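Geometric and topological summary
Next come the chains, spelled out residue by residue.
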Amino acid sequence: MSCVHNRLFRQVAVVGLQNIAVTAAYLVGRLWGLHLFAEGEFTRVLFPAAGIAVAGLMIFGLRVWPGTFLGALLTSETLGRPLLDGVALSLATTVTYPIVCILLRRVDFHTQLDRIRDLLALVALAAGVGMIPAAVIRTSVVILLGTSSPAAFWHLTVVTWVSLAMGVLVVTPFLLVVRKMRWPRNVRPLRVLEAVTLLAGTAALTLAVTMVSPNRQMLFLVFPPLIWAAWRFQLAGSTPSILIVSAVAVYSMFHLPARLATDNDLIILEAFVATASLATLALAVAVSERNRAQDRIANASIELVHALHKLDESARPRE
């Protein structure tokens with residue numbers, strides 16, 4: 001009986017720690033988004049907490065959903081909202097995340113993102129279809145609470161959906177890949193230097209481009225380092241590069257220019273973040289699949305050579 005109690009206690013403790021970790025990560029992501037990318041109390045273009053919630057549910061399972069709700073509620077408390085309003089908004093924001101998780105599992109989604117079909121599922125089901133109900137529910141609650149006008153329902157719904165989708169597209173792949181990353185054996189110092197230089201250079205180039213070109217016409221200049229990261233380091237290099245580029249570009253939209261960002265600026269930035277993320281992730285996954293195919297061919301060739309040697313030995317006449 002004591003063994004059963006100990007096992008149950010360990011399981012409850014593990015689930016509790018996982019929920020605490022998700023709560024902390026969600027709270028940090030939400031506050032980070034509000035501090036860097038917020039317009040009033042709403043995060044525009046990029047909602048990092050959505051990506052954190054989806055990644056947490058895919059890694060730990062549906063049992064950590066209370067952690068996402070608690071993280072959203074704590075964020076509302078830090079913003080000084082009334083408790084009932086905070087509960088309503090937190091439920092509206094997090095209630096659809098388990099549905100997204102269930103949809104991804106139904107299509108046999110691999111958290112390693114090692115197949116093109118996994119990337120398509122993440123884009124279509126998680127960032128696309130899965131965030132539409134979340135945007136509609138959240139917008140409806142915001143209007144019911146009197147925070148926004150009913151006339152702005154469709155505009156606010158679209159803006160919320162884009163923000164949630166960008167959070168999933170940018171943050172979720174990074175967290176899923178970081179979880180599986182291991183320091184490679186016998187790594188060459190030049191390889192490490194290349195990776196560090198690439199990430200630092202990507203951040204510096206994005207910042208320089210946004211400062212030189214306030215209207216973001218020159219953001220395409222960051223595509224070469226993104227392509228290099230995907231080609232040389234696959235997901236391990238492309239996901240942090242996407243996160244860096246997106247964070248710097250969105251941050252500059254709200255903090256660097258002397259003028260306020262217009263709707264046209266936001267549309268350009270949203271299109272850039274979506275295009276850069278999709279293109280870089282697709283290239284990284286394609287290169288990874290090619291490398292695995294080459295490894296399988298090489299292993300099959302070695303096995304075939306061994307089989308031929310054994311066949312040749314068995315076919316030789318015995319003396």
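Structure first, text after, so check above.
About the thresholds
Sequence order as written defines residue numbering, which begins from 1 separately in each chain. Per-residue local features are limited, in this predicted model, to residues with pLDDT of at least 70; the limit for side-chain atom pairs, both in listing and counting, is 80 or more; totals at the level of whole chains, interfaces and linings are taken over all residues. Where side-chain values are given, they derive from all heavy atoms of the structure, hydrogens and water being excluded. Nonpolar cores were defined as sets of buried Ala, Val, Leu, Ile, Met, Phe, Trp, Tyr and Cys residues, with membership established by side-chain atoms within 4.5 Å. Note on exposure labels: buried denotes an accessible area under 20% of the residue type's maximum, exposed denotes more than 50%, and partly exposed covers the range between, all computed with a 1.4 Å probe on protein chains only. Secondary structure elements follow DSSP: runs of H or I no shorter than four residues count as helices, runs of E no shorter than two count as strands, and numbering proceeds from the N terminus. Counted as a polar contact is a pair of N or O atoms within 3.5 Å, where, for protein atoms, one must be capable of donating a hydrogen and the other of accepting one, and residues adjacent in sequence contribute only when both atoms are in side chains. Note on contacts: a residue pair is in contact if any heavy atoms of the two residues lie within 4.5 Å. What goes into a patch is any residue over 30% in relative accessible area without a salt bridge, connected to like charges within 9 Å or, for nonpolar side chains (Val, Leu, Ile, Met, Phe, Trp, Tyr), within 5 Å. Per-residue accessibility takes into account occlusion by the displayed protein chains alone, with areas from the Shrake-Rupley method and a 1.4 Å probe. When a carboxyl oxygen of Asp or Glu lies within 4 Å of a side-chain nitrogen of Lys or Arg, that pair is called a salt bridge.

1. Concerning the nonpolar core
Y97, F109, L164, V168, L269 and F272 are the most contacted members of the largest nonpolar core, which has 60 residues in total. Listing elements by their share of this core, those giving two or more residues are α1 (2-37), α2 (48-60), α5 (97-106), α6 (116-129), α7 (131-144), α8 (153-180), α10 (223-255) and α11 (263-315). Ranked by residues supplied to this core, first place goes to α8 with 10 residues. Counting residues in each nonpolar core, the second largest holds 5 residues, with A92, V141, V142 and L156 among its members.

2. As for the side chain of N19
Mapped onto the fold, N19 is located in helix α1. Separated by 2.9 Å, the side chain of N19 and the backbone oxygen of V15 make a polar contact. One polar contact links the side chain of N19 to the main-chain amide nitrogen of G67, over a distance of 2.9 Å. Those residues in contact with N19, other than ones at most four positions away along the chain, are R63, V64, W65, P66 and G67.

3. Focus on the side chain of S277
Among the secondary structure elements, S277 is positioned in helix α11. Dropping the residues within four chain positions of it, S277 is found in contact with L169, V170, I242 and S246.

4. A look at unusual backbone geometry
With phi around 55°, L113 is a residue other than glycine that occupies positive phi space. Here L113 lies in the loop between α5 and α6. Residue class for L113 comes out buried when judged on its relative accessible area of 2%. Even without glycine at this site, Q234 takes up a positive phi of about 55°. Examined against the element boundaries, Q234 turns out to sit in helix α10.

5. A closer look at a nonpolar patch on the surface
A surface patch of nonpolar side chains, amounting to about 310 Å² of accessible area, comprises I132, V136, V158 and W161. At the level of elements, α7 and α8 are the ones that each hand at least two residues to the nonpolar patch. Mapped onto the secondary structure, V136 falls in helix α7.

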